[in-house]
Amino acid sequence: MQIAQYTKAQSLTEAWELHQKRHSVILGGCCWLRLSPQRMIQHAIDLSALGLDTIEETDGEFRIGAMTSLRSLEVSAALECCTDGALKEALRHIVGVQFRNMATIGGSICGRFGFSDVITLLLALDADVVLYKGGRMKLEAFAATGAGTDVLTHVILSKAGRGTAYASLRLNATDFPIIACAVSGSAEAVRCAIGARPSRAVVLRAVRQDAAAQGPAKMARQWADAVSYGSNMRGSAEYRRDMAEVLCRRLLERVMGADV
Amino acid sequence: MMNIAYLLNGKKEKSDIEPGMMLLDFLRSKGCHSVKCGCETTNCGLCTVWLNEKPVLSCAILAARIDGQRVTTLEGMQEEARELALYMGREGAEQCGFCNPGFVMNVLAMVREVTDPTDNEINEYLSGNLCRCTGYASHLRALHAFIKAKGAVDV
């Protein structure tokens, strides 16, 4: 892999202006950079000098800088508490501690990888993203379109009271998931994301009362049937669908607790 | 070419590098031959070094990223590494030895970060370090002995 020009941006404006050029790439943790099919990068833009590696907590939300490492998220006691341990569970299987010290939340989101544990959980949590020019928007909308030539600066997680749970199935530790599911439930609604299908995670929703009336088994079957799956060397589409149903049911039971 | 300034094993240095050069290749070019090239796909942990005291994979990080930062390799940790290696040798936790430098760097990071780790915590922290010879049980024995001895000294 070759990089023709490398700039450590000194401001978001500089980063954004550089990113308007064709063949420019914003660097995240660079974990997959060497494996990328793009062998020649004309202009690499490094955001590491912009202070985007912090987790800020306010009364109502967490504001997470795009360059925050997955490991920083994993060991954050406040985030662990807010997500009922689901964030830690989603992150702890990703390769190894060294990898998670490098990989960034911004890179994980902008990569929009199908196997992403991070996107799966954040979709279930109904997270927002902040773009330098585009402002704040739902991750669900961003995941469908990507950043284009804008610059992702923050991820926003609301502290709105809800239960959250995450589970994934892997052939062996540290491998990509065969299937990944996350469920979050507020007093009004239940939200589920199914990822590693193997394509990108999708979101499913239900009114809490309806989900409680149907019960976890029926709800999980309905959700698992509503999503398409593919086959690859890790598992067949049929296997993924069946495992998605099992994981959804278990997560619904945990999140809805006494309601079901 | 671009110029970077950094601390390598506690020593201030400056270098001219190609922007696309990986840290692994750069460190080896600087004589840090403890940094081994294994999978090059971020899976094996052989190339583990510390960046600002945190373990990272030098095969997947650009050398340009160390500008203004502190890098530590096994060459800068020889005393502690020798101590751990004694326990590894005693417990049969090395055979070909190729994975040892990366393994030692990650263990030394772990004992700084996790107090009195359990087997599960050790397994989880070291899951990014592969060893194809020993089967890991001997690693665990060596680590427990090392941590116990270290704790006794620290107390």
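Since the structure is predicted, the reported quantities are computational estimates derived from the model, not experimental observations.

Criteria and cut-off values
Residues numbered from 1 in each chain as written. Chains lettered and ligands numbered in written order. Predicted model: local features only at pLDDT ≥ 70, side-chain atom pairs only at ≥ 80, totals over all residues. Heavy atoms only, no water. Pairing = 2+ DSSP bridges. Helix = DSSP H or I, 4+ residues; strand = E, 2+ residues; numbered from the N terminus. Axes fitted to C-alpha atoms, helices over the stretch in contact; angles between N-to-C directions. Contact = heavy atoms within 4.5 Å. 1 Å grid on protein atoms, 1.4 Å probe; cavity = no way out; pocket = protein on both sides within 12 Å on 5 of 7 lines; lining within 4 Å. Points joined across faces, edges and corners; volume = space filled by probe spheres on them. Nonpolar A, V, L, I, M, F, W, Y, C, P; charged D, E, K, R; others polar. Salt bridge = Lys/Arg side-chain N within 4 Å of Asp/Glu carboxyl O. Buried < 20%, exposed > 50% of the residue type's maximum accessible area, 1.4 Å probe, protein only. Phe/Tyr/Trp six-rings, centres within 6.5 Å; stacked < 30°, edge-to-face > 60°.

Caption draft 1: Focus on the sheet that holds strand E10 (residues 177-185) of chain A. Residues and elements named next belong to chain A. Spatial strand order, E9-E10-E11-E12: four strands in an open sheet with antiparallel pairing. The sheet is open, and its two borders are formed by strand E9 (163-170) and strand E12 (202-207), each paired with just one other strand. Neighbour-to-neighbour, the strand axes of the sheet open up by a mean angle of 15°, direction not taken into account. Where strand E11 (residues 189-195) meets E12, six bridges bridge the pair, whose relative direction is antiparallel. Within E12, the position partnered with Ala193 by the bridge is Val203. Strands in contact with helix H7 (residues 117-124) are E9, E10, E11 and E12; relative to E10, the strand with the most contacts, it is inclined by about 20°. Contacting E9, E10 and E11, helix H11 (residues 237-256) runs over the sheet at an angle of about 30° to E10.

Caption draft 2: Spatial organisation of the layout of surface pockets. Residues and elements named next belong to chain A. As a volume, the largest pocket reaches approximately 1100 Å³. What lines the largest pocket is a set of 50 residues, and nearest its centre among them are Ile26, Gly107, Cys110, Gly111 and Phe113. Sorting the residues of the lining of the largest pocket by element identifies strand E2 (24-27), helix H6 (105-111) and H7 as the ones contributing at least two each. Taken together, the residues that form the lining of the largest pocket break down as 26 nonpolar, 18 polar and six charged.

Caption draft 3: Spatial organisation of the pattern of salt bridges. Residue and element names in this part refer to chain A. Counted under the stated rule, the structure contains 28 salt bridges over all chains. For the salt bridge of Glu61 with Arg136, the shortest nitrogen-to-oxygen distance reads 3.2 Å. With Glu61 in strand E5 (residues 61-65) and Arg136 in strand E7 (residues 135-138), this pair connects stretches of sequence that are 75 residues apart. Of the residues examined, Glu61 reaches a relative accessible area of 22% and is grouped as partly exposed.

Caption draft 4: Main features of the packing of aromatic side chains. All names here are of chain A. Scanning the model with the defined rule gives seven aromatic pairs over all chains in all. Taken together, a centroid distance of 5.2 Å and an interplanar angle of 50° make the contact between Trp32 and Phe99 tilted. In this pair, Trp32 sits in the loop between E2 and strand E3 (40-46) while Phe99 sits in helix H5 (residues 97-102), placing the two residues 67 residues apart along the sequence. Exposure remark for Trp32: the relative accessible area of 23% places this residue in the partly exposed category. According to the relative accessible area criterion, Phe99 is buried, its value standing at 3%. Ring plane angle 10° and centroid distance 5.0 Å describe the contact between Phe113 and Phe115, whose orientation is recorded as stacked.

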